[in-house]
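So you can see what is in the structure, the chains are spelled out below.
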Amino acid sequence: MSNKPWACFCSQRIDETFVAKFGWDWQNYTNKVAFILYGGSLIVRQNTSEQNMLNGSEIWFGIEKNEGNIMDIKKEYERWLANATTDADVLAELKTLDDAKIEDAFYRNLAFGTGGLRGVIGAGTNRMNVHVVRRAAQAVADYLNETSLPKRAAIGYDSRINSERFARETACVLAANGIHVRIYDALMPVPALSFATRYYKANAGIMITASHNPAKYNGYKAYGPDGCQMTDDAAAIVYDEIQ
C-alpha cells in the first residue's frame, strides 16, 4: 500500500473498533477507505463499502491484522490452553474457540481503571474469569504491601454469574499475601461494601458486580479507604502491577 495522506470524517465507534465511516484517499476522492484502530494498530482498508464498515462482526473478524500480533495472540492462547487447568469451564471453552474467537478473547488484557475491571464472562485475557480475577487480586495485594497502609481489605459480591466464586478467589489471593480480609457471607449491594470498607478501616474494598451491564458480564470494582472508587493514581499503580 502506498504512503499517501488520508482524509476522513464522520467517525463512528463499533465495540472496541474505531472506524472512520466516510474516508477517502486524499489523492483519489473516489477511493473509499476505512480507518480501523485494532489492538493498538492503525489499519487502513481500501475500497470498503459503507455496509461492510457498519457490520461490526465483518469488521471485527474481516480486517487485515499485523501478522506479529496474530502470532502473539496464538502464543497466549496456547499458554492458557496448557496451564488454565483449574477451571473446567474456562478450559472447556478454550477448546471450542475458532481463530476469530481466539483473537477476540486474547487480543488485549481487560483494562483496569478507577472502576476496576468489567467484561464478558468467558475464557481469555479479554474476559472475566477466575484467572483474570486472581491476577487483579494479586495486583491489589502488591499495591497494599508496597505501601505503609494497614493490610486490611473488605470484599462483597452480588447475584451475578460467578460473583461469589470471584469474591472468594480474591479473598484467597489477598490472604495468601498476608492481608486480613473480611468478606460478606451473603449477597450484598454495592453500598454495603462501601460501608464495610469504612467500618472495618480497610484500605481496599473489592465488589464483584457488573452494575447495569447485561447478564453475560461481570466486574471487579475497586474501592479506597473512604469507601469510594479507587483514585486514578491508585488505579494506575494497580494497572501497572497487572501488566
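Residues numbered from 1 in each chain as written. Predicted model: local features only at pLDDT ≥ 70, side-chain atom pairs only at ≥ 80, totals over all residues. Heavy atoms only, no water.

Enquirer: Looking at this model, I keep getting lost on the sheet that holds strand β7 (residues 180-183). Mind explaining?
Expert: Neighbouring strands of a sheet are bound in pairs by backbone hydrogen bonds; such pairs are parallel or else antiparallel. The five strands are arranged β5-β9-β8-β6-β7 in an open sheet whose pairing can be described as mixed. The strands lining the two open edges of the sheet, one partner per strand, are β5 (117-120) and β7. Across the sheet, the mean angle separating the axes of adjacent strands is 15° when strand polarity is ignored. Bridge count for strand β6 (residues 152-157) against strand β8 (residues 204-208) is five bridges, and the pairing is parallel. Directly across from isoleucine 155, in β8, lies its bridge partner isoleucine 206. Those strands touched by helix α6 (residues 130-145) are β5, β6, β8 and β9 (217-223), and its axis lies near 5° from that of β9. (Pairing = 2+ DSSP bridges. Helix = DSSP H or I, 4+ residues; strand = E, 2+ residues; numbered from the N terminus. Axes fitted to C-alpha atoms, helices over the stretch in contact; angles between N-to-C directions. Contact = heavy atoms within 4.5 Å.)

Enquirer: Please clarify how the packing of aromatic side chains should be interpreted in this entry.
Expert: For any pair of aromatic rings, the description consists of the separation of the ring centres together with the inter-plane angle of the planes. Using the criterion set out here, one finds four aromatic pairs in the structure. Aromatic pair tryptophan 80 and phenylalanine 106: ring centres 5.5 Å apart, planes at 80°, arrangement edge-to-face. With a gap of 26 residues between them, tryptophan 80 in helix α3 (residues 67-83) and phenylalanine 106 in helix α5 (residues 99-106) connect regions that are remote in the sequence. Per residue, the accessibility class of tryptophan 80 equals that of phenylalanine 106, and both read buried. (Phe/Tyr/Trp six-rings, centres within 6.5 Å; stacked < 30°, edge-to-face > 60°. Buried < 20%, exposed > 50% of the residue type's maximum accessible area, 1.4 Å probe, protein only.)

Enquirer: Whenever I open this one, the packing of α6 against helix α7 (residues 163-176) confuses me. Can you help?
Expert: The angle between the axes and the distance between the axes are what describe a pair of packed helices. Between α6 and α7, whose axes approach to 9 Å, the crossing angle comes to 40°. Comparing their axes, α7 and α6 come out oblique. Pair α6 / α7 crosses with right-handed handedness. In this structure, α6 uses Val130, Val133, Arg134, Ala137, Gln138, Val140 and Ala141 to contact α7, whose residues at the interface are Arg165, Phe166, Glu169, Thr170, Val173 and Leu174. Residue composition of the contact of α6 with α7, grouped by class: eight nonpolar, two polar and three charged. (Parallel < 35°, antiparallel > 145°, perpendicular 65-115°, else oblique. Left-handed = near helix turned anticlockwise from the far one by under 90°. Nonpolar A, V, L, I, M, F, W, Y, C, P; charged D, E, K, R; others polar.)

Enquirer: In this structure, what is going on with the environment of methionine 128? I would like to understand it.
Expert: Assignment of secondary structure puts methionine 128 in the loop between β5 and α6. Along the backbone, methionine 128 and phenylalanine 166 are 38 residues apart, and their C-alpha atoms lie at a distance of 9.3 Å. If we skip the residues at most four places from it in the chain, methionine 128 touches Leu110, Leu117, Arg118, Gly119, Val120, Ile121, Gly122, Val133, Phe166, Asn218, Gly219 and Tyr220.

Enquirer: I would appreciate a short explanation of the nonpolar core in the present structure.
Expert: Buried together is how nonpolar side chains tend to be arranged in soluble globular proteins. Core analysis: the largest hydrophobic core is formed by 44 residues, its most contacted members being Leu94, Phe106, Phe112, Leu117, Val140, Tyr220 and Val238. In terms of residues, this core owes the most to one element, α6, which gives nine residues. In this view, valine 140 contacts Leu174, Ala204, Ile206, Tyr220 and Val238; residues no more than four positions away in its chain are not counted. Of all hydrophobic cores here, the second largest spans six residues; its members include Ala154, Ala196, Ala202 and Tyr223. (Core = buried A, V, L, I, M, F, W, Y, C linked by side-chain atoms within 4.5 Å.)

Enquirer: Please explain helix α8 (residues 190-199) as it appears in this structure.
Expert: Count 3.6 residues to each turn of an α-helix, and residues three or four apart come out pointing the same way. Taken residue by residue, α8 has Ala192, Leu193, Ser194, Ala196 and Thr197 as its buried positions. On its buried face, α8 sits against β6, β8 and β9. Lysine 201, located one to two residues past α8, shows a positive phi value of around 55°.

Enquirer: Could you clarify how one ought to interpret the pattern of salt bridges in this entry?
Expert: A side chain with one charge can pair with a side chain of the opposite charge if their charged atoms come near. Applying the stated criterion across every chain, the model contains seven salt bridges. Note that arginine 127 is salt-bridged to aspartate 104, the shortest N-O span being 2.9 Å. On the criterion of sequence distance, the pair formed by arginine 127 in the loop between β5 and α6 and aspartate 104 in helix α5 is long-range, its members being 23 residues apart. Residue classification places aspartate 104 among the buried positions, given a relative accessible area of 17%. (Salt bridge = Lys/Arg side-chain N within 4 Å of Asp/Glu carboxyl O.)

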